[in-house]
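Below are the chains, spelled out letter by letter.
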Amino acid sequence: MRGRCRWGRSNAGASVTDLAVDDVLGALRARGREAYLGEPVTVTEHSLQAAMAAEADGAPAELVVAALLHDIGWLLHEGPRPHEERGAAYLERWFGPAVTEPIRLHVAAKRYLCTIDPDYRGRLSAESRRTLGRQGGLLDEEAREAFAAHPYAAHALRLRHYDDLAKVPGVDTPDLDHFAALVESVRAR
Ligand code: FE
């Protein structure tokens, strides 16, 4: 499916449903190098640092890929849904829940950790503290229990940890090509 990349100028009209996994990485290559999230790193640097942290932690392949792609929602067209929902819904066409659910839950994981661990909130980046309110703030008891009971809650918490570690300017990481085979290996459809 090379050559049908949505991010390439010559293929701007291609439907997102035509995209292959190469094009997912293409989004990070083409747009992620300029995009910032209010952090001192680009989206691509942030994604690579998160994936590297997951790899160093011995995370399963699906979770490494989730770490790499967890903020791809920021590179898709704006819509009414928050970025974690946009990203997970976009990725569902290729990946199973072991990739998409930790991504969908990575903001809920932050809200959960802020709720149960007062120290966690203090350790967040200034930008991440700032966005907490907009993301819904702390969880009430019902929402806390619902999060904890989710089958991918543990992986979402691990992803959150990698996310929080991945905001350091100037860190040497592997490049996107390093992760391409891994992305392909966990592709479910
Ligand atoms: Fe992130």
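Residues numbered from 1 in each chain as written. Predicted model: local features only at pLDDT ≥ 70, side-chain atom pairs only at ≥ 80, totals over all residues. Heavy atoms only, no water.

All right, on to the overall build of the chain then. Tallying secondary structure elements over the chain gives 11 helices and zero strands in all. In sequence order, the chain lays out its α and β elements as α-α-α-α-α-α-α-α-α-α-α. The buried share among the 189 residues of the chain stands at 46%. Intrachain contacts of the chain at a sequence separation of at least 6 include 65% that bridge at least 24 residues. (Helix = DSSP H or I, 4+ residues; strand = E, 2+ residues; numbered from the N terminus. Buried < 20%, exposed > 50% of the residue type's maximum accessible area, 1.4 Å probe, protein only. Contact = heavy atoms within 4.5 Å.)

What follows covers the coordination of the iron ion. Bound to the iron ion on the protein side are His46 (NE2), His70 (NE2), Asp71 (OD) and Asp163 (OD), at distances that span 2.2 to 2.4 Å. For the iron ion, the four donor atoms are set out with angles of 78 to 165° between them, so the coordination reads as irregular. Judged by its relative accessible area of 4%, Asp71 falls in the buried class. (Donors = N, O, S within 2.8 Å, 3.2 Å for Na, K, Ca; no water. Tetrahedral: all angles 85-135°; square planar, octahedral: opposite > 155°, others 65-115°.)

Each turn of an α-helix holds 3.6 residues, which means side chains three or four residues apart point in the same direction. Burial of helix α6 (residues 106-116) is extensive: eight of the 11 residues sit out of reach of the surface. Taken together, the buried positions of α6 are occupied by His106, Val107, Ala109, Lys110, Arg111, Tyr112, Leu113 and Cys114. Against α4 (83-91), α5 (97-104), α7 (118-123), α8 (126-131), α9 (141-149) and α10 (153-165) lie the buried residues of α6.

For the chain, mean pLDDT is 88; residues scoring 70 or higher make up 89% of the total. Mean pLDDT across the elements of the chain bottoms out in helix α1 (residues 21-30) (83) and peaks in α5 (98). Note on residues 1-19: pLDDT under 50 across the span, and 33 contacts to partners over four residues away in sequence or across chains. (pLDDT = per-residue confidence, 0-100.)

Once that is clear, we can look at the packing of helix α3 (residues 61-69) against α10. Running from amino to carboxyl end, α3 crosses α10 at an angle of 50°, the nearest separation of the two axes being 10 Å. Compared by their axis directions, α3 and α10 come out oblique. The chirality of how α3 crosses α10 is right-handed. Two secondary-structure elements touch here, α3 through Leu63, Ala66 and Ala67 and α10 through His155, Arg158, Leu159 and Tyr162. Taken together, the residues of the contact of α3 with α10 break down into five nonpolar, one polar and one charged. (Axes fitted to C-alpha atoms, helices over the stretch in contact; angles between N-to-C directions. Parallel < 35°, antiparallel > 145°, perpendicular 65-115°, else oblique. Left-handed = near helix turned anticlockwise from the far one by under 90°. Nonpolar A, V, L, I, M, F, W, Y, C, P; charged D, E, K, R; others polar.)

Inspection of the entire model under this criterion finds two aromatic pairs. Measuring from centroid to centroid gives 4.7 Å for Tyr112 and Phe147, while their planes differ by 35°, and the two rings are tilted. Remark: Phe147 occurs in helix α9 and Tyr112 occurs in helix α6; sequence separation between them is 35 residues. Comparing Tyr112 with Phe147, the two get one shared label, buried. (Phe/Tyr/Trp six-rings, centres within 6.5 Å; stacked < 30°, edge-to-face > 60°.)

What follows deals with the pattern of salt bridges. According to the stated counting rule, one finds 11 salt bridges in the structure shown. Between Glu39 and Lys167 there is a salt bridge, with its nearest N and O atoms 3.5 Å apart. On the criterion of sequence distance, the pair formed by Glu39 in the loop between α1 and α2 (43-56) and Lys167 in the loop between α10 and α11 (176-185) is long-range, its members being 128 residues apart. With a relative accessible area of 14%, Lys167 lands in the buried category. Its salt-bridge partner being Glu85, residue Arg104 comes within 3.2 Å of it at the nearest N-O pair. Separated by 19 residues along the polypeptide, Arg104 in helix α5 and Glu85 in helix α4 bring together distant segments of the chain. Here Arg104 falls in the buried class, since its relative accessible area comes to 19%. (Salt bridge = Lys/Arg side-chain N within 4 Å of Asp/Glu carboxyl O.)

Mapped onto the fold, Arg93 is located in the loop between α4 and α5. Look at Arg93 and you get partly exposed, because its relative accessible area is 31%. In the structure, Arg93 is positioned 94 residues away from Arg187 in sequence and 9.4 Å away in space, judged by C-alpha atoms. Separated by 2.8 Å, the side chain of Arg93 and the backbone oxygen of Tyr90 make a polar contact. (Polar contact = N/O pair within 3.5 Å; in protein donor to acceptor, adjacent residues only side chain to side chain.)

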